[in-house]
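Structural characterization, general
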Amino acid sequence: MLATSLAASAAVAEENAPLSIGPGAVAISLRVNGVVRTAEVPPHTTLAEALRGSLNLTGTKIGCDRGACSACTVWLDDIPVASCMVLAIDIGDRAVTTIEGLSRGDTLHPVQTAFIAHDAVQCGFCTPGMVMSCAALIARNPNPSLDDVKTAISGHLCRCGTYPHVFAATLAAAKAAKS
Amino acid sequence: MSDATTQQEKFPFGIASVSIGEIERRVPPGEAPPLPPNNRLAFIGKSVPRFDARAKVTGASRFTVDVKLPGMLHGRLLRSPHPNARIVSIDTSAAERHPGVRAVHVVTDIVGRAVEQVPETDPPQPNGVRLPRALYAGAPIAAVAAVTPDAAAAALALIKVEYEVLPFVVDLEEARDPNAPVVFRSAVAGSGFAGGVAAGAEVAQQGNVRGPSRIGTRGDVTKGFAEAEVTVEGEYRTQVQTHCCMETHAAVADWHADGLTVYLSTQFTAGVRNELAAAFGLPRNRVRVLVDAMGGGFGSKSGAGTYVRAAIALSRAAGAPVRVVHDRHEEQVDSGNRPATFQRLKIGAHRDGRLSAISLYTYGTAGTATGAGVGNFAQATYECSNFDSEQYDVFINAGPACAMRGPGNTPGAFALEQAVDELAEKLNLDPLALRDRIDASPVRREERRIGAERIGWSRRHTPGADTGTIRRGIGVAQSLWGANVQTNASCEVRLMRDGSVELRSSVQDIGTGIRTVLAQVVAEELGLTPQAITLRIGDTDFPAGPPSYGSRTTASITPPARNAAYKIKQKLLEVAAPKLGVAAGALDLRDGRVFVRAEPARGLSFREAAALLRTDAISAFASRSDDYGGFRRAMGDAALAQNDLGGVQFAQVAVDTETGIIRVERVVAVQDCGRPINPEQIESQVQGGVLMGLSYALYEDRILDRPTGHVLNADLEHYKIAGPRETPEIDVVVLENYQGESATDAYGIAEPANIATAPAIANAVYNAIGVRLRQLPMTPAAVLAALGRAPYGG
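I will try to describe carefully the structure that is included in this document.

What counts as what
- Residues numbered from 1 in each chain as written.
- Chains lettered and ligands numbered in written order.
- Predicted model: local features only at pLDDT ≥ 70, side-chain atom pairs only at ≥ 80, totals over all residues.
- Heavy atoms only, no water.
- Helix = DSSP H or I, 4+ residues; strand = E, 2+ residues; numbered from the N terminus.
- Buried < 20%, exposed > 50% of the residue type's maximum accessible area, 1.4 Å probe, protein only.
- 1 Å grid on protein atoms, 1.4 Å probe; cavity = no way out; pocket = protein on both sides within 12 Å on 5 of 7 lines; lining within 4 Å.
- Points joined across faces, edges and corners; volume = space filled by probe spheres on them.
- Contact = heavy atoms within 4.5 Å.
- Buried area = accessible area lost by both parts, 1.4 Å probe.
- Salt bridge = Lys/Arg side-chain N within 4 Å of Asp/Glu carboxyl O.
- Polar contact = N/O pair within 3.5 Å; in protein donor to acceptor, adjacent residues only side chain to side chain.
- Nonpolar A, V, L, I, M, F, W, Y, C, P; charged D, E, K, R; others polar.
- Pairing = 2+ DSSP bridges.
- Axes fitted to C-alpha atoms, helices over the stretch in contact; angles between N-to-C directions.
- Core = buried A, V, L, I, M, F, W, Y, C linked by side-chain atoms within 4.5 Å.
- Arc of directions from axis to C-beta.

1. Observations regarding the environment of Tyr628(B)
If you trace the backbone, Tyr628(B) turns up in the loop between strand S28 (617-623) and strand S29 (633-635). Residue classification places Tyr628(B) among the buried positions, given a relative accessible area of 4%.

Below is the structure:
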């Protein structure tokens, strides 16, 4: 009985849903850095494009646009993801945190402070994504080893080769966050 | 340089870790006084935090891809699906009618590739325009600007191109065959500098083979080899490496009533400004090129490429700004690459190690460009009076190569440094002892000493002596790079009446940290903190700065920065002198104060002194003067300093003899760059050079598909570059090497840090397994084959 009515209501819901959306722009709302923002984007728009385009949050970078370089890393409900691999219309009510939302006003996140102190930045294009992954690491693991740091950023590419300074900065940030 | 206007000055001279003496130099007028060694300075030689680091870690930096202008359109390029095709006709009318399209442009001039001296004989289009043949898959054909990226992409699909598809060749060896399809039907002039073959028109060309160039040939190699008691000979192959800039090539062009403004991800704002002014018939003062943050170039962003010119043409036609940004595929296919090479290298030596002859036969391919030559490294690194080279460019239907971090020398070192290692073994000499005999440089000698100690050279076993599944080894290799200086390099330092100071130059910070370095230099001279200096750079409205290629930025722009600051200092002291009742010569600047040198307590704050200025601001302009000891060679706007740059790198590897996987465990990199200004930033660049070299050694390889002519791995999944997991421990040592050559005595680091890594790894692999790998990349399959074990358990 229960099963039947669930199935029936699902069928009704499916019937009421639009058969398709697009190709024109559709309205979406995104909760980004604690603020609900709305935008009109074509349905194939990735989260990375929506952030950089309509929402003007250009701190998130696109390096490959297919999940190979991790420059576009943001948090979805505190989990780092490649925002070029997620469609903006699929985000729903998940919380999006971008590099612009990591600091608290003028107070930088310990990972940001440590990146500056250890010169873990050269051209800086991969940096926002690196920072997001390293900050997520120390949130879930306050005592990371060097190996943990390498794992956390193993999908990130940096052509300037800042990895050694990124390792040092992240380990120092974990230490600083505890004290 | 010893005319009446120069004066004699004493400068610190020598390597700090050995001993520092003095050298007298004649110095032209207007130069700041000799700078003492770093240990007596407040900011130069200190690791001042990178100026733009905060903006970069917060996402606030503005890269070219982040530029948004009102009404900006999105441009995209149509690219050839064929590796060699004549364009019979092109019809853009449907694209022009597509909703949202504002302009369509047909590419008539492709820059970056070699240029045929006899004009194309392809029939002109009905409108009289001659279209260049598409010489490689991905060659630009046309471009569209539209209000959205989607509309631009849709319009590209509506451009009708009728191609006459021609035979093509993408394989280096096949292209050398006299019967191979010919890429260029008439002799070409060189374009760009991917490596070394002379670009002049006098070089012979037959089929796809252009050469030989015998650049650097000296002495008599026949005699040299006859005298040799020991010889080594080997064949080496290196692959095509792509730059893989994380920020792809990007431009926003804005053609407006006053002229042209271009935001560009570039290594040389001033050079691009000049190029574009000429190409579009505008006076230089109506063209403005800007770059703020810049996401990597490595040689590939030196000029105004076809995509930039297309963006400008579209902007002019549409009357709106146009953004053109390469996608990753375009970036990998058509933004330059490092040429593939073949090298046959022979060295003859006496029993005591002295070299009697070096002979190099080499060919390589820069695709549809010239410049695959690698001869400079073998020619210049070691003492040998008999040298002969025969170098050829081979054309294939592939995207044009361009300079890439240590062009020519990086593949060249892979061969020479292995050959020297092999020679040492034949002579029963330690590889370092052999180099001590054949390398006259006291700098490299000290680098070998320091590096050997750090890596633990004394525990190095004989080649192949390690046993077991995982075998370890240590190897060494050297780097050499000319110390380039741009003499056409200027800046301005301004002091405002409120005491604020800024430096202005078109020089760009491409991630090397020149902003911070310039602030350190100006602050040191004016007795302020680096944070008190405002940097206005990356804009051609300011005095023309140097390019950021050829490891020349620091060498070219820090001396004028110091000299301009020195002029400001003198003016400020003159203004303060009457107030303090002494002559200006009795005053000095330090810690934000003007003070009487003999009576340091008496003085004014910097700000109080600045308030005495008659005008709202004073300004001083300075340009790069010649090195005090003279240049080795001057070439137009650039010159080569007397002393080369270089380094010595040591690698420790672990080779898994079952899987064939090479792991680099540790690299010691000992490098020199004259006077180091910011040690931490230098360390960052050296680490980057080592990692790019490691990546070249083990992973990177652009693959062209012989049946289709397309790049098979034009992405970052199948084109593997070193990541965090492949990063070894990297121990960086930077020498302080004083030569008294300029107002800062500072030179570059980026390229010398890249050249030695691959051969150091190759020599370490040989030391580990006793078999030499002479081809890049050194893949697991290559290791297993070298060990006589077929891959896949066969």
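2. Observations concerning the layout of surface pockets
What the second largest pocket holds in volume is close to 1400 Å³. Residue lining of the second largest pocket: 47 residues in total, with Glu49(A), Ile62(A), His74(B), Pro149(B) and Arg323(B) positioned closest to the centre. For the lining of the second largest pocket, the secondary-structure elements that each account for two or more residues are strand S2 (35-41) and helix H2 (47-52) of chain A together with strand S3 (73-79), helix H3 (149-156), strand S16 (322-325) and helix H8 (328-334) of chain B.

3. Digging into the interface of chain A and chain B
Each partner contributes to the interface: chain A provides 46 residues, whereas chain B provides 51 residues. For the chain A and chain B pair, buried surface summed over both sides reaches about 3800 Å², with 57% attributable to carbon and sulfur atoms. The tally of links between chain A and chain B comes to six salt bridges. A salt bridge links Glu700(B) to Arg159(A); the shortest N-O distance between them is 2.7 Å. Inspection of the region where chain A meets chain B yields 27 residue pairs in polar contact (both at pLDDT 80 or more). A per-class count over the side of chain A that touches chain B returns 21 nonpolar, 16 polar and nine charged.

4. As for the pattern of salt bridges
Side-chain pairs of opposite charge can arise whenever the charged atoms involved come near each other. Residues and elements named next belong to chain B. Inspection of every chain in the model, using the stated rule, returns 51 salt bridges over all chains. Between Glu417 and Arg435 there is a salt bridge, and its shortest N-O distance comes to 2.8 Å. Taken together, the residues Glu417 in helix H10 (residues 409-426) and Arg435 in helix H11 (residues 431-438) connect sequence positions 18 residues apart. Across this residue pair, the class does not change: Glu417 and Arg435 are buried. A salt bridge links Arg772 to Asp421; its shortest N-O distance comes to 3.0 Å.

5. Overview of the pairing of S16(B)
Residue and element names in this part refer to chain B. The two faces of S16 match: Val322 and Val324 on one face and Arg323 and Val325 on the other face are all buried. Bridge count for S3 against S16 is three bridges, and the pairing is parallel. Paired with His74 across the strands is Arg323, a residue of S16. Where strand S13 (residues 250-256) meets S16, four bridges bridge the pair, whose relative direction is antiparallel. Following the sheet pairing, Ala251 is matched in S16 by Val324.

6. A few points about unusual backbone geometry
Most peptide bonds take the trans form, and the phi angle of most residues other than glycine is negative. For the bond running from Gly211(B) to Pro212(B), omega is 0°, close enough to zero to count as cis. Position of Pro212(B) relative to the elements: it lies in strand S11 (residues 209-213). At Asp78(A), a residue that is not glycine, the phi angle is positive and equals roughly 70°. With respect to the helices, strands and loops of the structure, Asp78(A) is situated in the loop between strand S3 (73-76) and strand S4 (79-82). Asp78(A) gets classed as exposed once you look at its relative accessible area, which sits at 58%. One non-glycine residue, Asp591(B), adopts positive backbone phi at about 50°. Within the fold, Asp591(B) resides in the loop between strand S25 (587-590) and strand S26 (593-596).

7. Re the sheet that holds strand S10 (residues 205-206) of chain B
All names here are of chain B. Strand order in this open sheet of six strands is S10-S11-S19-S18-S17-S12, and the pairing throughout is mixed. Of all the strands in the sheet, the pair left with one neighbour each is S10 and strand S12 (230-238). Packed on one face of the sheet, H10 meets S12, strand S17 (340-349) and strand S18 (355-365) and runs near 150° to S12.

8. Some details on the nonpolar core
Formed by 118 residues in total, the largest nonpolar core has its most connected members in Phe115(A), Leu345(B), Ile347(B), Ile761(B) and Met778(B). Those residues in contact with Ile347(B), other than ones at most four positions away along the chain, are Phe225(B), Val230(B), Thr231(B), Val232(B), Leu355(B), Ala357(B), Ile358(B), Leu416(B), Ala419(B), Val420(B) and Leu423(B). In terms of nonpolar packing, the next biggest core, distinct from the first, is built from 46 residues, Leu41(B), Val493(B), Ile514(B) and Ile568(B) among them.

9. Details of H11(B)
Residues and elements named next belong to chain B. Listed in full, the buried residues belonging to H11 are Pro431, Leu432, Leu434, Arg435 and Ile438. End-on, the buried residues of H11 take up no more than an arc of 155°, which puts them together on one face. Contacts from the buried residues of H11 go to S18, H10, helix H12 (442-455), strand S20 (470-481), strand S31 (645-656) and helix H18 (757-769).

10. Side note on the sheet that holds strand S5 (residues 101-106) of chain B
Residue and element names in this part refer to chain B. Here we have seven strands laid out as an open sheet, ordered S5-S7-S3-S16-S13-S14-S15, and mixed in their pairing. Single-partner strands in this sheet number two, and they are S5 and strand S15 (287-290). The mean inter-strand angle of the sheet, taken between neighbouring strand axes irrespective of direction, is 20°. Relative to strand S14 (residues 259-264), S13 is paired through six bridges, and the arrangement is antiparallel. In the strand pairing of S14, Trp255 is matched with Leu260. Contacts between H3 and the sheet are confined to S3, S5 and strand S7 (140-146), with S3 contributing the most and set at about 25° to the helix.

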